[in-house]
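# Reading the structure
Chain by chain, the residues run as shown.
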Amino acid sequence: NLYNLEKLQELSVLTFPFEQLDVALGRRIIPEKAFDKLVTRGRGGYCFENNTLMQQVLKTIGFNVRAVPARVIIDENSIGG
């Protein structure tokens, strides 16, 4: 239900911080390894990793989930990450 979805989202953000250390170090981001990185090793993740983990969790508990790419447009002359 919606309440559980909202709680999962809240807990996900509080538990798995956004991190781009691997990107800064030139390491490859592999979303399929998100569970190992975030849960097993206790690290934060890049947006693709955090979202992949959430997608896997939601599918496992029965939500119909579809991933779509997106960008944040700050203004017409700049695009954020």
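Structure shown above.
Residues numbered from 1 in each chain as written. Predicted model: local features only at pLDDT ≥ 70, side-chain atom pairs only at ≥ 80, totals over all residues. Heavy atoms only, no water.

A few words now on the pattern of salt bridges. Per the stated rule, a full pass over the model turns up eight salt bridges. Here Arg-41 and Asp-36 are joined by a salt bridge, their closest N and O atoms 3.2 Å apart. For Arg-41, a relative accessible area of 48% puts it in the partly exposed group. Salt bridges here are not isolated pairs; linked through shared partners, they connect Glu-19, Asp-22, Arg-27, Lys-37, Arg-43 and Glu-49. (Salt bridge = Lys/Arg side-chain N within 4 Å of Asp/Glu carboxyl O. Buried < 20%, exposed > 50% of the residue type's maximum accessible area, 1.4 Å probe, protein only.)

A word on helix H4 (residues 47-60). Note that an α-helix has 3.6 residues per turn; residues three or four places apart therefore point the same way. If you check H4, its first and last C-alpha atoms are 20 Å apart, about what 14 residues at 1.5 Å a residue would give, namely 20 Å. As for H4, its buried residues are in contact with helix H1 (2-15) and helix H3 (34-40). Downstream of H4 by one or two residues, Gly-62 has phi in the positive range, about 105°. (Helix = DSSP H or I, 4+ residues; strand = E, 2+ residues; numbered from the N terminus. Expected span 1.5 Å × (residues − 1). Contact = heavy atoms within 4.5 Å.)

Its boundaries defined by the atoms lining it, the largest pocket holds a volume of some 420 Å³. As for the largest pocket, its lining consists of 14 residues, of which Phe-48, Asn-51, Val-68, Pro-69 and Ala-70 are closest to the centre. Here the element with the most residues in the lining of the largest pocket is H4; it accounts for five residues. Class assignment for the residues of the lining of the largest pocket results in eight nonpolar, four polar and two charged. As for the second largest pocket, its lining consists of Leu-5, Gln-9, Ser-12, Val-13, Phe-16, Phe-18, Asn-50, Asn-51, Met-54, Gln-55 and Leu-58. Those elements that place two or more of their residues in the lining of the second largest pocket are H1 and H4. (1 Å grid on protein atoms, 1.4 Å probe; cavity = no way out; pocket = protein on both sides within 12 Å on 5 of 7 lines; lining within 4 Å. Points joined across faces, edges and corners; volume = space filled by probe spheres on them. Nonpolar A, V, L, I, M, F, W, Y, C, P; charged D, E, K, R; others polar.)

Bringing the environment of Glu-10 into the picture now. Relative to the elements of secondary structure, Glu-10 occurs in helix H1. With 13 residues separating them along the chain, Glu-10 and Val-23 place their C-alpha atoms 25 Å apart.

Right, let's get into the environment of Pro-17. Inspection of the secondary structure assignment puts Pro-17 in the loop between H1 and helix H2 (21-24). Counting along the chain gives 21 residues from Pro-17 to Leu-38, while the straight-line C-alpha distance between them is 9.1 Å.

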